[in-house]
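# Coordinate analysis (summary)
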Amino acid sequence: MPTITYVRENVRVEVPEGDTVRYPALENDVPVYCGIYKFANCHGNGFCGTDRVAVSPSTGTNELTFMEKFWLRNDLKKNPNMRLACQVQVFDDITVETQCK
């Protein structure tokens, strides 16, 4: 089973292959939504673009989805590892840096 390591929180979670980054984060008190977006978000449907995380290596995940290309079009220029936690499917061990301070 792949392992997700949430770097800032020092949390490691084994997940079934194909699981997303969002649900294990929320189940382990890892914040993927910052500020008001803790309450005002689309609950993992990819419509709000508020659960931004940096994921590496990209080879352990699915390709960028349409929603990620839309929401992250400016962020990807600065950080090509930026993803939406709800859209990233995990297929191998990865590390995740959340954006909430």
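Report follows, based on the coordinates. Predicted model only: the values in this text are computed from it and were never measured.

## Remarks on the pairing of strand 2 (residues 11-14)
Of the two faces of strand 2, the one holding V11 and V13 is buried and the one holding R12 and E14 is not buried anywhere. Judged from the four bridges that link them, strand 1 (residues 3-6) and strand 2 form a sheet pairing that is antiparallel. Following the sheet pairing, I4 is matched in strand 2 by V13. Adjacent in sequence and paired antiparallel, strand 1 and strand 2 are bridged by four residues, among which N10 carries a positive phi angle near 55°.

## Some remarks on a negative patch on the surface
There is a patch of like negative charges on the surface, built from E14, E17, D92 and D93. Here E17 shows up in the loop between strand 2 and helix 1 (22-27). The class of E17 is exposed, set by a relative accessible area of 59%.

About the cut-offs
Residues numbered from 1 in each chain as written. Predicted model: local features only at pLDDT ≥ 70, side-chain atom pairs only at ≥ 80, totals over all residues. Heavy atoms only, no water. Buried < 20%, exposed > 50% of the residue type's maximum accessible area, 1.4 Å probe, protein only. Helix = DSSP H or I, 4+ residues; strand = E, 2+ residues; numbered from the N terminus. Pairing = 2+ DSSP bridges. Patch = residues over 30% accessible without salt bridge, like charges linked within 9 Å, V, L, I, M, F, W, Y side chains within 5 Å. Areas by Shrake-Rupley, 256 points an atom, 1.4 Å probe, with all protein chains shown as cover. Salt bridge = Lys/Arg side-chain N within 4 Å of Asp/Glu carboxyl O. Lys, Arg positive; Asp, Glu negative; His and termini not counted. Charge placed at Lys NZ, Arg CZ, Asp CG, Glu CD.

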